[in-house]
Every structure is written in C-alpha cells, then in structure tokens.
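Analysis of the macromolecular model
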Amino acid sequence: MESLLEDLGLEQHSKEKLSLSTILQINEKTITDEPVKRNSDLPWYFLKKLMMVNVTARNVKCTSVCDSNCDAASGNTGLDLDNLVDSPNSGDMLNPLDIITALFLCSDGFVQQEMALKMSMCQFSVPLLLPNCATEQCTLMLWAMRDIVKKYRPQSLSESKGFIEDRVVLSNLPMISFVRLGECSLSKSEILNKLLSNSQQYHDTFVHCNMECGDSPRRISNGLVEVSWYLPCGNKNMDLFSEPVAVANLRGDITSFETQYSFLCQTSTAVFVFFDNLDSECRLLTNQHHKAQIYLVGNHQSKQFSLDALKKVATKLGLTNSNIILKTKRMNDADFVSNLRKTVRDAVESSKKKMRIEQMTDIAYELGILVDEDSPECQTAKKNADAITAEIHDTLKYKEAQLPRQGKIWKDLTCLEKEEFRLQKVGSENIEMYKGNLKVQKTKLRGKQNSYDISTAMTCFINAVSSPGLERCYFLKWMRINLDNLSREKLSGLREQYKKKCKSSDNKEEIKDIDRQLSNSSLGTEHFFREMGQIYEASVSLPETHPSRQQLQHLPRLCARLLLDGFPLELVDGDASNIPLRWVSDVLSQLNALVSPKSKILVVTVLGVQSTGKSTLLNTMFGVQFAVSSGRCTRGAFMLLIRVNEDVKKVLNCDFMVIIDTEGLKSPELAQLDDSHEHDNELATLVVGLSDITIINIAMENSTEMKDILQIVVHAFLRMKEVGKKPKCQFVHQNVSDVSAHEKNLRDRKLLLQQLNEMTQAAAKMEKKEENKSFTDVMEYSPDTGNWYIPGLWNGNPPMAPVNAGYSEAVYELKKNIIQMLGNCNSSANKISEFTEWMSSLWNAVKHENFIFSFRNSLVADAYMRLCTEFNKWEWEFKKDMYTWVTNAETRISNFGKFALKSGKHDMRELLTSLKNEACTVLSKWETKILENLTKYFKQTEGHVYLVEGYKEEFSNSAKSLRREIQSSVLNQLTAAAEIK
C-alpha cells in the first residue's frame, strides 16, 4: 500500500484527505493536454477526465512506459522472433483498479461521493466494499453512493409511459453477485460486461484483463467489491432484464476474502461462483450460512476442470442442473453469455429477496465491516438535517410557517422597489408624495418581516451551518439529499394526479390547482438561504444599536465561508425576480475580507432556453454540481466560486473564477404569466452584464429561440449608460454530432450575425445611438470562432447509456478556449469589491428599464412604438377637433339670449341637452374613425409578425378609454359654461 501511494504521489493524502476544492481548482493540468509522463500524474489524469465525465478516464498509462516498449520493439530492424515473443508486457503499468482504490482511500467523503456519481454516469462500476490492505479491513461505501439517482422504466410501466426515479441506496433491488474460487480461465469481468450489454452496444462496465492496463497485476484492489445496475427502459425488444437488478463483482479469490464473500452471500439473491477446478471438500462453499442461491460457473475446456469434483460439490450443496452453467467445447462466448443471462433472469424472477444498500449496514456490522457514514461529523449532521426535514408534511404550509419572510412579502417588496425606480402608477399624484408613500409601504413590509420570530427550522439551520467546516458540509449535503427525496416523492404523486385529471376535460380548475402545486412544491436549501438573506435584510432596516441587528451581523460571513467551500449562492431569486442587494453585497464584502483584498475574479455565465442542458454543460466543464433535473422547478441565478491555482494565475490574471448558472428562459410554466418577458429579459441583461464570457446555450443548430432574448439584452445595453462593458459571447449548439456541422452551418451563422446586426441597428435607431451599427459593437462575437457544436450527452439509449465521450471532449475543448479567451483579456478581471459595486449599479439600472423589458424583442418594441406614434397623431386630431367643437358650443351658450328666438330653444336646459347629444354623436364618430384607422393600419402591416394581435385589442381599449375621458371633459365644460351663463 505505502509503495503504491508513493508511486502515485498520494502518500501525504493517506492522512490529509483530498478535498473537492483541491480537485476542482483550475490548474495547468486541467487546461493542457500534456501526456502522462510519471506514475504520480496518473491519479490527476484520471480525476481530470472523471470530473468531466469522460468514459476514457480508466485508460490510464504513462507514455514513457509505452514509448520504451515501442522503442524496444522497433529498435531492431532485422528479423528477431525471440525479441518479438519476449517483448515487454504491461507489467510496469498500474492497474486502473489500483488507481481507483487508492483515490477512494485518499479522498474525503465529498470527493468519494463525486467520484461515485461521475463513475456511475460513465456506467462504470462503483465500489461497494472498499478494501484497505494496510488495516486489512474493508468499508461499506454507503455515503459515497448516496448521491447516485437513477431513472428507469420497468416493463410494468411501459404502457403508461411512467418511470421510477430513486436514489440507488434507497431502491429495493435484487442483487446478483459474481465471485471467483481459485484460478479461472474465464474472464469473469468481461463476461459480466457482455451480460449487461446489448448485442449492438458493448460497454466496459467492469475493468477486465483485455482492457488497457487491465492485465497489470493488482497491488491493493484485491478484495474490492464493485457494484453496477442494470436498469430497463421499458422496451421489450431492448431490455435484457424486465426489472432493475444490482450486479456485484468481487475482485480476487474468495478463499482470501471470506468476509466479503460472506457479506455477498447474505445480501444477494444469487451468488455465481466462477471456477476451473473445485476442491471436493470445498469448505467455503459448503460451510456458509447461505441466504443466497449458489450457482457454479465453470469452463469445461480448461485442463484443470474435473467433472467428478463438480459432482461431489453439487451433491453436497444440493444443486440441480439449473444451478450449474458450463462453457463446453461446442459453445462460443455469445451462447455462453446468453445461457448465463437466462439463468440470472430466472434467479431474479424466482426469488423475492430484495434489499436496499442502506439495509446492508446491519450485515456489515456483524461481519466487522466499517461503514463510511459512521464518522461523528456525518452522523451529527444527519441528525440536524433530519430534525428539520422530518417536520415537512405539506411543502406549501411548511414554507408559510417556517420560512415566512419570502413568498408574498418579498414579492410585494420587489414590486415596490421597482415602482420606486419606474413610477408607472404615479398618475396625476405629486411625484415626491408618491415616492414617500412607497417608502412608507416598504418600511411597513420590513416591519412585518421583523415582527416574525426566527422559526424553529431556521434556528436549527443557522446553528447547523455555523458548525465546524466538515460537519457543515455534511449537513448541507444531507439537507439537499432529504429535500430532493421529499420533492421527488411529492412530485411523482402530483404527476400521477395530473395525468388522471387530464384524461377528463371537465377538471380544468383541478388541473390548474395541481399545476400550481407542482410549481409551489419546490423546496431546496436555497429557500433556507433565501430566508436567511431576508432575516438579515429586514434586520438591517432596524437601528444600528438594536439587539436583533447585532445578533445577525455574522450571517454574511457564514455564507461567504460556504462560497469559499464551493457551495452556490443564490444571486437572483427567480420566484420574486429580484436580488436581495444588501445581503448579496455583504456576503461578497465578507468574502473579500476572507481572501486576499486584491483578489480578482473573472465571470463565466451560461444563458439559454429551459431544458437545453445548461447546468450539465457547466457541471461537465468545471466538475461542479449545479442542480440538474432533480424534479424541482427552481428559478433564478446561482453563482459558484472556483479557485485558480498559482500556475494559472499569471495566465488568467485572476484568483477565482465565478460561474453563474441561470435557470431556463422561456419556461412554459412562466409563459402563462403576464410578466414572463420582463422576468427573462431582466435576468438575461443582468447576467450578461456581469459576465466576462457569456455562453449562449442552444438546442441543435437553431438559434431562433435565443434571438428574442439577445435583442433585448443588446437593447438594454444601449439604453443603460452604466453599461460600459463589452462581454464576450460564445454560442454552443447542443446535440449536433455531425463533423461537417461547422462547415454546413456557415450560411446560418452569417445569417444569424446579419439578423443580430439588423436588430442592433433597429435598437440603436430607437435609442438615437446610431453610432452602433452592428451586434459586434455591443458584444464581442465572431461567427467563425464563436460557435461550438457539441454532440448529444448520452451514447445510446438511457438509462443504460454512458455519457458520450464526444460530448466530454467537445466540452473540454470549449473550456480550454474559454480560459484562453479570458487569458487574452487581461484588463477585464475585477476585484471582488469592484464586482459587488458593478452588480449593484447594474441591477439598479435594470430596475429603471421597465419599458424595453416588457417586450418579446426589440423589433416588437419598434413596431409598438411606430403604432404609438400613429395613435398619437389620431389622438391629437381627435382632441383638436373636439377643442374646436367645444369652443363653438361655449360661444353658443354665452350668446344664448341673442339667439334663443332664432334657434327655437327658449330654455337653457333644452339647449344644454341638445349640445350634449350633439357632442356624443361627434365623439362616437371619432371613436369609430380611430378604430377604423387601427384596423386599416393592421391590414397595411399584415405579415409584420411583430405586431401581435393582442396590441390591436390594447389600442382599441385605449381608443374607447380616450373617448370616455374626452366625453367626461366636454360634458363638464358644457355644464360649467351653462352655469356661468
């Protein structure tokens, strides 16, 4: 063990474990393609590839060994068959299983969890029992597997198109184990890979001797038990097993690892023992207290094979023919695997024994196996998290009771804040009085927030995140796991109800209610941090000497520490469409105090339509873990901090990279709301304004969906004097695997740039800033280098598909390019304090800009403004004509005595009634005329897609309201004139 860790350069980490922040920091190794020259580079090469979910991660070997082998083979140009036969093998290379085992032994619980999750995404097997040959004990890796969530569709749900989503450690599944007794001429792991692979798509789930370095002798990984899962997709023609199955594989001979063998016998449905030669006594097989069925798998073609010994053992164990699988001389690999698969299928179907990995702890304790979750920090954190989440029965009621400062109060505060800047509803009121009234309302709402006591849940939460580093990290992970489990359970129930209600069309109100519940059932750790932010913001409105304010001063520092630990901070609350500016600013200023005051940051943002794989792209690129498809519909923007190592600081001229992940724009859920354009456009403008590089994420080649958003961003930039920035822009087209995509889409890229230029000119014209002639005057973009085509994420048909190596490699190329671009713009790195100030002024500018954000894009705004100009002309003509008419009518009233005899009107009341009737007729004619003009205008601009039919209704209503307004004024003037007379 010691010599291997020394070889791998990991000896210092056997005590001081590797942490996630060390692994994820950006260093030279993460952005260069230097070949592996020393054994000590191997773990880092493996981790770099694994964190980017690259399925080639296990193909680890040193180029120096390979080169020397090649040189040895090619050095002699003559014929030397002896040299060919004796050419060196891979004995000098390290087995991938040793590297994986060493890394698991040298990492903390969070790195182990991240490795297990990424290995599972690559469809690699993950450690179930991890051996430690220094202590001769093994550990059940329960915590490491906690984060693995799988979706699958058993045959029973194939018709309803339903699916099951669950954590693997909580899934009740049958487990089939494969072990070896003595020497064996069959490659157990390779057969297992064939067993789990479809004939059209073979995948190496388990490392085997015919893989690169797979035949290198194992130094520390014997005794390792790995586990993988077969999960059906619900298609009878494709599924190898109709229900999910866990498959375990023990490395090494069971005679050397009796504890592991005993564990598998007690947790498995069936144990398949591979052998060449059986000892007829075979104490191990006959003495076990089997809970599992035993199956013997032998190679009849092996010279060591003895039929007599097999008969004796089979008789002792009471086995029948169906429990014995032999590879005979007339059987090829395909037939043998098919036979084995049928036996496994029968074993699973005939046995009802299923067990959750979580339940295996009892058996582990009996056998003296350690459990990785037993550390005191993990257990204390679990208790603290369970105490909070155990109280959640109805999410909506829980949020109202335990997290009362967000929700309606915070949304009302947001509206008042924006109204302070925009003054949309001021009407004829005095502006200063109106502003004063808004301030009073804000103070009342802050007072209401302060009137709430800090709830039990929030007290527990704040205490738990105040605990020492490791315990705090465990607590937040447990919280996320518990809340995700609750959300998943709640959502699956609501989805079922929704499906049933949708079948009958009479339940529209009930469907709406379920829809609302689906939106409101979201509850994650971000809601607790949001409440913490509101507690702090409300306390800041109190006098400085107030005890409540004094007690809460430590909260921003707590959150700043979490940012440094790699936890995301909610920047924009998507529910209220607002930044809690004082809270975020104070967290960032505390962060500034915790790191070197001159620390600089660069910002990378991803922006795109909902469900286009934005978070997955960032997770793959930087190895981070933004929430993806956990079934919760979170909204807003989150920022995450990644350290830049000393060797790259000189290149990037910064100490940290800030990654901002935004929730999907144009979400169907938001589209039903009136202010959905406003929400999307504000969010997009803010995050593009904050970033040094914005990744515009697009599904397929088609960029139409993002054009509207980009137009508004450009338009907003032109409107906002504060934006002196020119962000760089990269378009990423997902799910495009064709090698000719870049060449073929040249025309589309040119067209996109042309359209972006047109809309920039339109926006510049409207804003009277016509010096901006093109999109590239506002944002830095090149159609040749600014587009990336990335293939689909999965290689094959999920749930058994691994991540596509092409996806990982393409994302890696994009990452290198982004870092190179950031390195080229030395001047753009900001200090944390400058970034905070910039964010504050940018958000205030966004709050000012109401007009433009309420449109889908700038061309719609342009069309709307033209219509407004036309309408204003008609309005002016209407008012001018009515002014003339009223002047004449007033003259007639004032001359009433002289003309009474001529007009035949002897009574002023009679004249007034007559004039009022006449006024109404003229007014009606004008209203009709404006409505006709409106219809004519819409006909003339037919095909002008930007004039939405809804605007016709809006302006028709304006015409009617204008008529009512003028009518009221005219009638009042006539009455007043008559009274004076």
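What you see is a predicted model; the values in this text were computed from it and never measured.

It is worth spelling out the overall build of the protein at this point. When you go through the protein residue by residue, the secondary structure sums to 40 helices and 19 strands. Relative to its 981 residues, the protein shows a buried fraction of 55%. For the protein, restricting intrachain contacts to residue pairs at least 6 apart in sequence, the fraction spanning at least 24 positions comes to 77%. Looking at the protein as shown, the accessible area adds up to about 43900 Å², and 49% of this sits on carbon and sulfur atoms.

So, on to the packing of aromatic side chains. Enumeration over the complete set of coordinates arrives at 17 aromatic pairs. Arranged with centres 5.2 Å apart and planes meeting at 55°, the rings of W143 and W478 form a pair that is tilted. Here W143, found in helix 9 (residues 142-145), pairs with W478, found in helix 21 (residues 469-503); they are 335 residues apart in sequence, far enough to count as distant. Ring centres 6.2 Å apart and planes at 50° place the aromatic pair F178 and F274 in the tilted group. Of this pair, F178 sits in strand 5 (residues 175-181) while F274 sits in strand 8 (residues 270-275), and the two are 96 residues apart along the sequence.

What follows covers the environment of K435. Relative to the elements of secondary structure, K435 occurs in helix 19 (residues 431-451). The sequence separation of K435 and E420 amounts to 15 residues, and the corresponding C-alpha distance is 6.4 Å. Excluding residues within four positions of it along the chain, K435 makes contact with E420 and L423.

Residue placement: E419 occurs in helix 18 (residues 408-422). Given the relative accessible area of 8%, E419 is considered buried. Apart from residues lying up to four places away in sequence, E419 is in contact with Q424, K425, V426, Y434 and L438.

That bond from P798 to P799 is cis: its omega, 10°, falls within 30 degrees of zero. Along the polypeptide, P799 turns up in the loop between strand 18 (787-790) and helix 34 (805-824). The phi torsion at Q123 lies on the positive side, around 60°, for a residue other than glycine. Looking at the element boundaries, Q123 is found in the loop between helix 8 (109-121) and strand 1 (126-132). Take Q123: its relative accessible area is 5%, and that puts it in the buried class. The backbone of N653 shows a phi angle near 55°, a positive value even though the residue is not glycine. Considering the arrangement of structural elements, one finds N653 in the loop between helix 28 (646-652) and strand 15 (656-662).

Let us look at helix 8. Between its terminal C-alpha atoms helix 8 stretches 18 Å, which fits the 18 Å expected from 13 residues at 1.5 Å a residue. Looking at where helix 8 begins, the residue whose side-chain oxygen comes 3.0 Å from the main-chain nitrogen of F110 is D108.

Moving on, we get to the packing of helix 4 (residues 42-51) against helix 7 (residues 96-105). Here helix 4 crosses helix 7 at 85°, and the two axes come no closer than 10 Å. Judged by the angle between their axes, helix 4 and helix 7 are roughly perpendicular. Judged by residue contacts, L42, P43, F46 and L47 of helix 4 engage I99, I100 and L103 from helix 7. In terms of residue class, the contact of helix 4 with helix 7 is built from seven nonpolar, no polar and no charged.

This part is about the pairing of strand 7 (residues 245-253). Of all nine residues in strand 7, nine are buried, a share of seventy percent or more. When strand 5 meets strand 7, the two strands line up parallel, connected through five bridges. Pairing of I176 across the sheet is with V247, part of strand 7. As paired elements, strand 6 (residues 225-230) and strand 7 share six bridges and run antiparallel to each other. Paired with V225 across the bridge in strand 7 is L250.

Turning to the pattern of salt bridges, a few remarks are in order. Any two side chains of opposite charge can pair, given that their charged atoms come close. This structure, assessed with the given rule, holds 40 salt bridges. Here E358 and R356 are joined by a salt bridge, their closest N and O atoms 3.9 Å apart. Since its relative accessible area comes to 25%, E358 is described here as partly exposed. You can call R356 partly exposed: its relative accessible area is 27%. Notably, a salt bridge pairs E646 with K649, separated by 2.9 Å at the nearest N-O pair. Of the two residues, E646 and K649 are both situated in helix 28; the distance of three residues between them amounts to about one turn of the helix. A single salt-bridge network, built from bridges that share partners, covers D147, R167, K477, R480 and D484.

Looking now at the nonpolar core. Core analysis: the biggest nonpolar cluster contains 129 residues, and W229, Y261, F263, L278, L285, L296 and L617 have the highest contact counts within it. Ranked by the residues each element gives to this core, the list is headed by helix 34, at nine residues. Formed by 90 residues, the second largest nonpolar core is a distinct cluster that contains C378, L563, I601 and L607.

Next up on the list: the side chain of E226. Mapped onto the fold, E226 is located in strand 6. A polar atom in the side chain of E226 sits 2.7 Å from the side chain of S125. Within the local environment of E226, its side chain forms a polar contact with the side chain of R251, the two groups lying 2.6 Å apart. Those residues in contact with E226 that lie beyond four places of it in its chain are L97, S125, V126, P127, L128, F206, V247, A248, N249 and R251.

All right, on to helix 14 (residues 333-350) then. Given a rise of 1.5 Å per residue, 18 residues ought to cover 26 Å, and the 26 Å separating the end C-alpha atoms of helix 14 matches this to within 8%. Turning to helix 14, its buried residues number three or more, namely F336, V337, L340, R341, T343, V344, A347 and V348. Projection of helix 14 onto a plane perpendicular to its axis shows the buried side chains occupying an angular sector of 165°, all on one side. For helix 14, the exposed residues lying more than 90 degrees away from the buried face are A334 and S350. Contact partners of the buried residues in helix 14: strand 5, helix 10 (188-196), strand 7, strand 8, strand 9 (293-299) and strand 10 (324-327).

About the thresholds
Residues numbered from 1 in each chain as written. Predicted model: local features only at pLDDT ≥ 70, side-chain atom pairs only at ≥ 80, totals over all residues. Heavy atoms only, no water. Helix = DSSP H or I, 4+ residues; strand = E, 2+ residues; numbered from the N terminus. Buried < 20%, exposed > 50% of the residue type's maximum accessible area, 1.4 Å probe, protein only. Contact = heavy atoms within 4.5 Å. Areas by Shrake-Rupley, 256 points an atom, 1.4 Å probe, with all protein chains shown as cover. Phe/Tyr/Trp six-rings, centres within 6.5 Å; stacked < 30°, edge-to-face > 60°. Expected span 1.5 Å × (residues − 1). Polar contact = N/O pair within 3.5 Å; in protein donor to acceptor, adjacent residues only side chain to side chain. Axes fitted to C-alpha atoms, helices over the stretch in contact; angles between N-to-C directions. Parallel < 35°, antiparallel > 145°, perpendicular 65-115°, else oblique. Nonpolar A, V, L, I, M, F, W, Y, C, P; charged D, E, K, R; others polar. Pairing = 2+ DSSP bridges. Salt bridge = Lys/Arg side-chain N within 4 Å of Asp/Glu carboxyl O. Core = buried A, V, L, I, M, F, W, Y, C linked by side-chain atoms within 4.5 Å. Arc of directions from axis to C-beta.

In short, shape yes, function no, at least from these values alone.
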